[in-house]
Amino acid sequence: MSTANRPGTPLEDPRASLSLLDYRRRVADIYREVRGLEAAAGHALWLERRNDLFSTHPQSPVPPEQRGSFSGLKVFSYDPALRVEAAVTPTTPSRLEIPHSGEGTTPARAFGSVEFEVGGMACRLTLYWLDEYGGGVFLPLRDATSGTETYGSGRYLLDGAKGADLGSDATSIVLDFNFAYHPSCVYDARWSCPLAPPQNRLDAAIRGGEHL
């Protein structure tokens, strides 16, 4: 598969479209396997499979010329205290344009919120439903590690449009911050990625998931 259009408009080249389709399918497959495993084992599989995608796949966010020297993602040790099942409190849907690291915005609707504790600190995050990419729950966040230990503009925990889904039922959703990951723009500035809105900035330090 060609990497000529990475990143770019996949429709410019059918090979790029198929490459992106394959990448998203593989991401969705990873999370499907993770949901069927014990949490720490699922995290180990998630890291192993992501390292493989980042080092070998044509749609990797790592630039092609750097993939040969890519030594793996940096992650905090798995902490079971960072996994919670949080009840979703419905909110009045409100539309917004989520700003990007570069050009563009992502249209979304806030539809609910979740409350939980990290290190004894009460936290609240807003859940968004994407109004493009076929929809999907999107949960970006910033915390007290942002700008020092992790990317300054935040990380993602859930992105249903790309299959990044840790599980849910009719009233609650699984939040395991050991799976928080950096947006693609951390690896290559040519990507333009949605950033965490102000309402999803936490005072707590979440030392789980990817770090710099």
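Scroll up to find the structure.
Residues numbered from 1 in each chain as written. Predicted model: local features only at pLDDT ≥ 70, side-chain atom pairs only at ≥ 80, totals over all residues. Heavy atoms only, no water.

Engineer: Summarise the sheet that holds strand S3 (residues 121–130); cite the residues concerned and give the values.
Structural biologist: Spatially, 6 strands are ordered S5-S4-S3-S2-S1-S6 in an open sheet, and the strand pairing comes out antiparallel. A single partner strand is all that each edge strand has here, and the edge strands are strand S5 (155–159) and strand S6 (172–176). Direction aside, neighbouring strands of the sheet carry axes that sit 40° apart on average. The pairing of strand S1 (residues 83–99) with strand S2 (residues 105–118) spans 9 bridges and is antiparallel. (Pairing = 2+ DSSP bridges. Helix = DSSP H or I, 4+ residues; strand = E, 2+ residues; numbered from the N terminus. Axes fitted to C-alpha atoms, helices over the stretch in contact; angles between N-to-C directions.)

Engineer: So, helix H2 (residues 39–56): which residues are in play, and what are the values?
Structural biologist: In this model H2 runs 26 Å from its N-terminal to its C-terminal C-alpha over 18 residues, within 8% of the 26 Å that 1.5 Å per residue would give. Of all the residues in H2, the buried ones are Ala39, Gly42, His43, Leu45, Trp46, Arg50, Leu53 and Phe54. Down the axis of H2, the sector holding all buried residues measures 165°, keeping them to one side. Opposite its buried face, H2 presents the exposed residues Glu48 and Thr56, each directed more than 90 degrees away. Each element contacted by the buried residues of H2 is listed here: helix H1 (14–35), S1 and S6. (Expected span 1.5 Å × (residues − 1). Buried < 20%, exposed > 50% of the residue type's maximum accessible area, 1.4 Å probe, protein only. Arc of directions from axis to C-beta. Contact = heavy atoms within 4.5 Å.)

Engineer: Lay out the packing of H1 against H2 with the relevant residues and their values.
Structural biologist: Packing of H1 against H2 leaves a shortest axis separation of 9 Å and a crossing angle of 165°. On the basis of their axis angle, the class for H1 and H2 is roughly antiparallel. Crossing hand, H1 versus H2: right-handed. Two secondary-structure elements touch here, H1 through Tyr23, Arg26, Val27, Ile30, Tyr31, Glu33 and Val34 and H2 through Gly42, Leu45, Trp46, Arg49, Arg50, Leu53 and Phe54. By residue class, the composition of the contact of H1 with H2 is 9 nonpolar, 1 polar and 4 charged. (Parallel < 35°, antiparallel > 145°, perpendicular 65-115°, else oblique. Left-handed = near helix turned anticlockwise from the far one by under 90°. Nonpolar A, V, L, I, M, F, W, Y, C, P; charged D, E, K, R; others polar.)

Engineer: So what's going on with the packing of aromatic side chains? Residues and values would help.
Structural biologist: By the definition in use, this model includes 6 aromatic pairs. Pairing phenylalanine 138 with tyrosine 156 gives two aromatic rings, centres 5.0 Å apart and planes at 70°, and the pair type is edge-to-face. Of this pair, phenylalanine 138 sits in strand S4 (residues 137–141) while tyrosine 156 sits in strand S5; the two residues are 18 residues apart in sequence, bridging distant segments of the chain. A relative accessible area of 2% means that phenylalanine 138 is categorised as buried. On the basis of relative accessible area, tyrosine 156 is assigned to the buried category, the value being 8%. (Phe/Tyr/Trp six-rings, centres within 6.5 Å; stacked < 30°, edge-to-face > 60°.)

Engineer: Requested: an account of the pattern of salt bridges, with residues and values cited.
Structural biologist: Side chains that differ in charge, positive against negative, can pair when their charged atoms come close. Counted by the stated rule, this structure contains 14 salt bridges. Note that aspartate 22 is salt-bridged to arginine 25, the shortest N-O span being 3.6 Å. Of this pair, aspartate 22 and arginine 25 both sit in helix H1, 3 residues apart, roughly one helical turn. Its relative accessible area of 13% is what places aspartate 22 among the buried residues. Exposure remark for arginine 25: the relative accessible area of 43% places this residue in the partly exposed category. Salt-bridge contacts for aspartate 131 lead to arginine 109; the nearest nitrogen and oxygen are separated by 3.0 Å. (Salt bridge = Lys/Arg side-chain N within 4 Å of Asp/Glu carboxyl O.)

Engineer: Before we move on, could you go through the layout of surface pockets and cite the residues and values that matter?
Structural biologist: In this model, the second largest pocket occupies a volume close to 240 Å³. For the second largest pocket, the lining is made up of 17 residues, of which Phe111, Val137, Ser168, Ser172 and Ile173 are closest to its centre. Counting only elements with at least two residues in the lining of the second largest pocket, the list comes to S5 and S6. For the lining of the second largest pocket, a count of residues per class yields 8 nonpolar, 6 polar and 3 charged. (1 Å grid on protein atoms, 1.4 Å probe; cavity = no way out; pocket = protein on both sides within 12 Å on 5 of 7 lines; lining within 4 Å. Points joined across faces, edges and corners; volume = space filled by probe spheres on them.)

Engineer: Help me get a handle on empty space enclosed by the protein, residues and values and all.
Structural biologist: The final tally for this structure, using the stated rule, is 1 cavity of 30 Å³ or more. Of the volumes computed, that of the largest cavity is approximately 30 Å³. Considering the residues around the largest cavity, the lining is formed by Tyr23, Val27, Ile30, Tyr31, Arg50, Leu53 and Phe54. Those elements that provide at least two residues to the lining of the largest cavity are H1 and H2.

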